[in-house]
Amino acid sequence: MTCVPPGGWPQPQSLYVHVPFCRHRCGYCNFSVIAGRDELQDQYLDAIERELTGISPSDTHRNELPLQTIFLGGGTPTRLSAARLQRLHRAIADAFPIADDAEITAEANPEDITPECLDALQAIGVNRISLGIQSFDADKLQCLERGHDQDTAFAAIEAAHQQVGNVSIDLIFGAPDESLATWQNDLSLAASSSISHVSTYALTFEKGTSFWSRRSRGDLSEADETLELQMYEAAQQQFSTDGWQQYEISSFARESFRCRHNLAYWAGRGWHAVGPGAARFVDGRREVNHRSTTTYLKRMLASGSATDETETITLEQYARELAAFGVRQLDGIDLSTIHDRTSIDLETSLAETLTKLQSMALVTHDNHHLQLTRRGILFADTVATALLSEPE
Ligand code: SF4
């Protein structure tokens, strides 16, 4: 059986760069992060240069597929100085052509947004800033161990908006002891600011974090499911008016401000990714780098590879993933397009699953189009899991 889609694997035009440095590890954070080790930044850039050189397209293909999106994520990319951000950008531009209208996003913490920082980001072409606001509420911010307050958050949003224009923020709901009123206040403060995109996430307690241990000891309590649902619906309500639109389970945007980088992920177009813990999807292969920064540096600098996990996916898996990620977008997904792209007929192989999801009123399936219902939006993970599960 062939393992390549009829038109070949999509060639990535997106790049994710993981910058692991943080001032402090927040108690709930399970990302690949290294706190208080900024002296490793030059070594990190040596490693990133080596990794990017290794995945640079050959001279013959160099100009065929310029990067359309670049995402500098973390960690905290703005822990890098202006000179180091320049070095990072040179390494990317040496490895790949970059489209003139590429979306270039940098994540940043509000307390790092100074005029110098914004100048440095703008100098390397950043045209979208994603701020880790998480909340505007003093008690919640303290609980989440964040380093900013409400004034700093607003000042950062406004300064980034003035200089770069396109500002996204992340907000967390369901923090320990958080009330619905606190969350509603966060939402209305966010909506009153000059952001054009917001991603909302329920707090999760991940193994290995201090929140996990504190919950096990009974020091922290988890929001109950009913409250989380009410909070999720409050975000939908807040961002369904005034030119806002929910376009994905966790993402809301003003007209024409959808995140192009995430859209490329969800459309299964393939992406490059470099840095500790970075996960890529290239030529039907998923690869993940070692998530420890020090191990990543050692391996990359010694052998030119820090890949820790590799998985070649089958066409059936690819088709199911396209459906599972596609359906998380509120416009839904056309299953006949997936058939054309992969030669897999999900409407046959998933017939029972689709019937069951419909009977549970979680999706509509009409004329090849699969879409979450209003109820399905609240249970999107259940739908995605069902679409990805192997038939019994
Ligand atoms: S700033 Fe962000 S990436 Fe860094 S530890 Fe906190 S949550 Fe994690």
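Residues numbered from 1 in each chain as written. Predicted model: local features only at pLDDT ≥ 70, side-chain atom pairs only at ≥ 80, totals over all residues. Heavy atoms only, no water.

Engineer: Looking at this model, I keep getting lost on the overall build of the chain. Mind explaining?
Structural biologist: On a plain count of helices and strands, the chain comes out with 16 helices and 17 strands. Expected size for 392 residues packed as a compact globule is a radius of gyration near 21 Å; at 21 Å, the chain falls within 12% of this value. Based on the C-alpha atoms only, the size of the chain along its principal axes is roughly 55 × 55 × 45 Å. A buried classification covers 49% of the 392 residues belonging to the chain. A separation threshold of at least 6 residues defines the contact pool for the chain, and within that pool the share at least 24 residues apart is 69%. Of the roughly 17,600 Å² of accessible surface on the chain, 48% is carried by carbon and sulfur atoms. Here the chain holds 32 positive side-chain charges and 54 negative ones, and the gap between their average locations is 5 Å. (Helix = DSSP H or I, 4+ residues; strand = E, 2+ residues; numbered from the N terminus. Rg over C-alpha atoms; globule rule 2.2 N^0.38 Å. Buried < 20%, exposed > 50% of the residue type's maximum accessible area, 1.4 Å probe, protein only. Contact = heavy atoms within 4.5 Å. Areas by Shrake-Rupley, 256 points an atom, 1.4 Å probe, with all protein chains shown as cover. Lys, Arg positive; Asp, Glu negative; His and termini not counted. Charge placed at Lys NZ, Arg CZ, Asp CG, Glu CD.)

Engineer: What is the right way to look at the sheet that holds strand 6 (residues 128–134) in this model?
Structural biologist: Strand-to-strand pairing in sheets goes through backbone hydrogen bonds, with the strands running parallel or antiparallel. Within the open sheet, the nine strands sit side by side as 9-10-8-7-6-5-4-1-11. Their pairing is mixed. Only two strands of the sheet have a single partner each, and these edge strands are strand 9 (244–248) and strand 11 (272–274). Averaged over all pairs of adjacent strands, the angle between their axes in this sheet comes to 20°, without regard to strand direction. Sheet analysis places strand 6 next to strand 7 (residues 167–173), joined by four bridges and oriented parallel. Note that in strand 7 the partner of Ile129 across the bridge is Val167. Those strands touched by helix 8 (residues 225–238) are strand 7, strand 8 (197–202), strand 9 and strand 10 (251–254), and its axis lies near 155° from that of strand 7. (Pairing = 2+ DSSP bridges. Axes fitted to C-alpha atoms, helices over the stretch in contact; angles between N-to-C directions.)

Engineer: Teacher, can you tell me more about the packing of aromatic side chains here?
Structural biologist: Centre distance and the angle of the planes are the two values used to describe a pair of aromatic rings. For the structure on display, the rule yields 14 aromatic pairs. Seen in terms of ring centroids, Phe239 and Phe252 are 5.5 Å apart; in terms of plane orientation they differ by 40°. Their pairing is tilted. On the criterion of sequence distance, the pair formed by Phe239 in the loop between helix 8 and strand 9 and Phe252 in strand 10 is long-range, its members being 13 residues apart. Cluster of aromatic residues (ring-pair linked, three or more members): Trp9, Tyr265, Trp271, Phe281 and Tyr318. Stacked on the ring of Trp212, the Lys or Arg Arg215 has its end atom at 5.0 Å from the ring centre. (Phe/Tyr/Trp six-rings, centres within 6.5 Å; stacked < 30°, edge-to-face > 60°. Lys NZ or Arg CZ within 6 Å of the ring centre and 35° of its normal.)

Engineer: What's the story with the side chain of Ser196 in this structure? I'm lost.
Structural biologist: Along the chain, Ser196 turns up in the loop between helix 6 (180–192) and strand 8. A relative accessible area of 3% places Ser196 in the buried class. Side-chain polar atoms of Ser196 contact the side chain of Asn166, separated by 3.1 Å. Excluding anything up to four places from it in sequence, Ser196 contacts Gly165, Asn166, Val167, Trp244, Phe252, Ala253, Arg254 and Phe257. (Polar contact = N/O pair within 3.5 Å; in protein donor to acceptor, adjacent residues only side chain to side chain.)

Engineer: Honestly, the pattern of salt bridges in this entry has me stumped. Any pointers?
Structural biologist: Under the criterion given, the structure shown has 22 salt bridges. Between Asp46 and Arg87 there is a salt bridge, and its shortest N-O distance comes to 2.5 Å. Pair noted here: Asp46 is in helix 1 (residues 41–55) and Arg87 is in helix 2 (residues 82–95), with a separation of 41 residues, a long-range link. On the accessibility criterion, Asp46 (35% relative accessible area) is partly exposed. Residues participating in the shared-partner salt-bridge network are Asp42, Asp46, Glu49, Arg84 and Arg87. (Salt bridge = Lys/Arg side-chain N within 4 Å of Asp/Glu carboxyl O.)

Engineer: Before we go on, may I ask you to explain the site of the ligand in this structure?
Structural biologist: In the region of the ligand, the neighbouring residues are Cys22, His24, Arg25, Cys26, Tyr28, Cys29, Phe31, Val33, Gly75, Asn109 and Arg146. Considered class by class, the residues forming the shell around the ligand number six nonpolar, three polar and two charged. (Near = heavy atom within 4 Å. Nonpolar A, V, L, I, M, F, W, Y, C, P; charged D, E, K, R; others polar.)

Engineer: Just to check I follow, could you spell out the nonpolar core for this structure?
Structural biologist: Nonpolar side chains tend toward joint burial in soluble globular proteins. Counting 100 residues, the largest nonpolar core has Val17, Leu131, Ile169 and Leu387 as its most contacted members. Ranked by the residues each element gives to this core, the list is headed by helix 11 (residues 315–327), at seven residues. Mapped onto the domain boundaries, this core takes at least three residues apiece from domain 1 (14–266) and domain 2 (315–388). Here Leu387 is in contact with Arg320, Ala323, Ala324, Val327, Leu350, Thr353, Leu354, Leu357 and Leu370, once residues within four sequence places are set aside. In terms of nonpolar packing, the next biggest core, distinct from the first, is built from twelve residues, Cys22, Tyr28, Ala175 and Leu203 among them. (Core = buried A, V, L, I, M, F, W, Y, C linked by side-chain atoms within 4.5 Å. Domains from an automatic or database assignment.)

Engineer: Whenever I open this one, the domain arrangement of the chain confuses me. Can you help?
Structural biologist: A common way to report how large an interface is uses the accessible area buried once the components associate. Taken domain by domain, the chain consists of domain 1 (14–266) and domain 2 (315–388). Between the C-alpha centres of domain 1 and domain 2 the distance comes to 28 Å. Listed per partner, the contact involves twelve residues of domain 1 and eleven residues of domain 2. Surface buried jointly by domain 1 and domain 2 totals about 1,100 Å² across both partners, of which 58% is contributed by carbon and sulfur atoms. Run the count over domain 1 and domain 2 and you get two salt bridges. With its nearest N and O atoms 3.3 Å apart, the salt bridge here joins Arg328 to Glu248. Those elements giving two or more residues to the side of domain 1 that touches domain 2 turn out to be helix 8, strand 9 and helix 9 (260–266). Broken down by element, the side of domain 1 that touches domain 2 gets its largest block of residues, four residues, from helix 8. (Buried area = accessible area lost by both parts, 1.4 Å probe.)

Engineer: Could you clarify how one ought to interpret the pairing of strand 13 (residues 285–289) in this entry?
Structural biologist: In regular strands, side chains alternate between the two faces of the sheet. Across four bridges, the pairing between strand 12 (residues 279–282) and strand 13 is antiparallel. Among the inter-strand pairings, Ala279 is bridged to a residue of strand 13, identified as Val288. Between strand 12 and strand 13, which pair antiparallel one after the other, the connecting turn spans two residues, and Asp283 there sits at a positive phi close to 55°. Two strands pair when backbone bridges link them, and strand 13 and strand 14 (residues 307–312) are joined in this way by five bridges, in the antiparallel orientation. Paired with Asn289 across the two strands is Thr307, which belongs to strand 14.

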